[in-house]
Amino acid sequence: MAKLNYQILSATIVVISLTKVFALTDEDKAIVSAIMAPITADCSSEHGVSEGEIKSAKDSYNTDGLNSCFLGCVLKKTEFINSKGLLDVETGLNKAKGLLKNHDEFDKFEEIGKVCSKVNEESVGDGDSGCERAKLAFKCAIENKLEIFF
């Protein structure tokens, strides 16, 4: 029961965050919830991130307190980070495009992705794991007005 509640909380955070940035329909919200809940739960379990830590990051719009490999896991599973540990905006956006029916809202998401692709130029110390780069990508997205979406 605790795992189910955690997945519901995670999915709710995703939906609420995306709703603030994008004009999501109820159908879109259900799709995003269904996709993100197991990803967030798996990554949380793999990297020891608690519900409280996720809620705190969401409430403060700051991912500094989250395990960077949790963030990397989420972005890898959504294909925004590739096997080389680089932000792969094109692949991630292609996957996300089917989720966001409103083209204007998708364009905003795409613009932020392109701005944040600059994180691939940053030096990181974890090679192709993608953890540090994911942290940089989340920071960039937050700075560019994208709500935390996990």
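The structure under discussion appears in the preceding block.
Thresholds applied
Every residue gets a number counted from 1 within its own chain, in the order that chain's sequence is written. Given that this is a predicted model, residues contribute local features only at a pLDDT of at least 70 and side-chain atom pairs are listed and counted only at 80 or more, while totals for whole chains, interfaces and linings are drawn from all residues. Side-chain metrics rest on all non-hydrogen atoms present in the structure, leaving aside hydrogens and water. For this analysis, a salt bridge means a side-chain nitrogen from Lys or Arg found within 4 Å of a carboxyl oxygen belonging to Asp or Glu. Numbered from the N terminus, helices here are DSSP runs of H or I no shorter than four residues, and strands are runs of E no shorter than two. Under this scheme, a helix contributes an axis fitted over its contacting stretch, all axes are lines through C-alpha atoms, and angles between N-to-C directions fall in the 0 to 180 degree range. Oblique is the label for every angle not falling under 35 degrees (roughly parallel), over 145 degrees (roughly antiparallel), or within 65 to 115 degrees (roughly perpendicular). For this analysis, residues touch if any pair of their heavy atoms sits within 4.5 Å. By the convention adopted, Pro, Cys, Tyr, Trp, Phe, Met, Ile, Leu, Val and Ala count as nonpolar, Lys, Arg, Asp and Glu as charged, and the other residues, Gly among them, as polar. Each nonpolar core is a collection of buried residues, namely Ala, Val, Leu, Ile, Met, Phe, Trp, Tyr and Cys, held together in the definition by side-chain atoms within 4.5 Å. Working definition: with a 1.4 Å probe on protein chains only, accessible area under 20% of the residue-type maximum means buried, over 50% means exposed, and in between means partly exposed. We call a pair of cysteine sulfur atoms a disulfide whenever their separation is within 2.5 Å.

A. Region of interest: the pattern of salt bridges. Applying the stated criterion to the full structure yields four salt bridges. Here K77 makes a salt bridge to D42, at a shortest N to O gap of 4.0 Å. On the criterion of sequence distance, the pair formed by K77 in helix α4 (residues 68-77) and D42 in helix α2 (residues 26-47) is long-range, its members being 35 residues apart. Across the pair K55 and D59 runs a salt bridge whose closest N-O atoms are separated by 2.8 Å. A residue pair is termed a helical-turn pair when its members lie 3 or 4 positions apart in one helix, as K55 and D59 do in helix α3 (residues 51-60) at four residues. Among the charged side chains, a salt-bridge network with shared partners connects D42, E46 and K77.

B. Region of interest: the packing of α4 against helix α7 (residues 131-143). Interaxial distance between α4 and α7 falls to 7 Å at its minimum, and their mutual angle equals 80°. Looking at the two axes, α4 sits roughly perpendicular to α7. Along the contact surface, α4 presents S68, C69, L71, G72 and L75, while α7 presents C131, E132, A134, K135, A137 and F138. In terms of residue class, the contact of α4 with α7 is made up of seven nonpolar, two polar and two charged.

C. Highlighting unusual backbone geometry. The phi dihedral of Y61 falls on the positive side, at around 50°, and the residue is not glycine. By secondary structure assignment, the location of Y61 is in the loop between α3 and α4. Residues other than glycine seldom take positive phi values, yet E79 does so here, at roughly 65°. Following the sequence through the fold, E79 ends up in the loop between α4 and α5 (89-97).

D. Looking closely at the nonpolar core. Within the largest apolar cluster, 29 residues are counted, with the highest numbers of intra-cluster contacts made by F70, L75, F80 and L87. Of all elements in the fold, only α2, α3, α4, α5, α6 (103-116) and α7 reach the threshold of two or more residues within this core.

E. How the structure looks around the state of the cysteines. Evaluation of the coordinates by the stated rule reveals three disulfides. With a sulfur-sulfur separation of 2.1 Å, C43 is cross-linked through a disulfide to C73. Measuring the twist about the S-S bond at about -75°, one finds the C43-C73 disulfide to be left-handed. Taken together, the residues span a long stretch of sequence, with C43 in helix α2 and C73 in helix α4 at a distance of 30 residues. C73 shares its class with C43; the two are buried. Each sulfur in the disulfide pair C69 and C131 lies 2.0 Å from the other.

Spatial relationships are all this shows, so hold off on functional conclusions.
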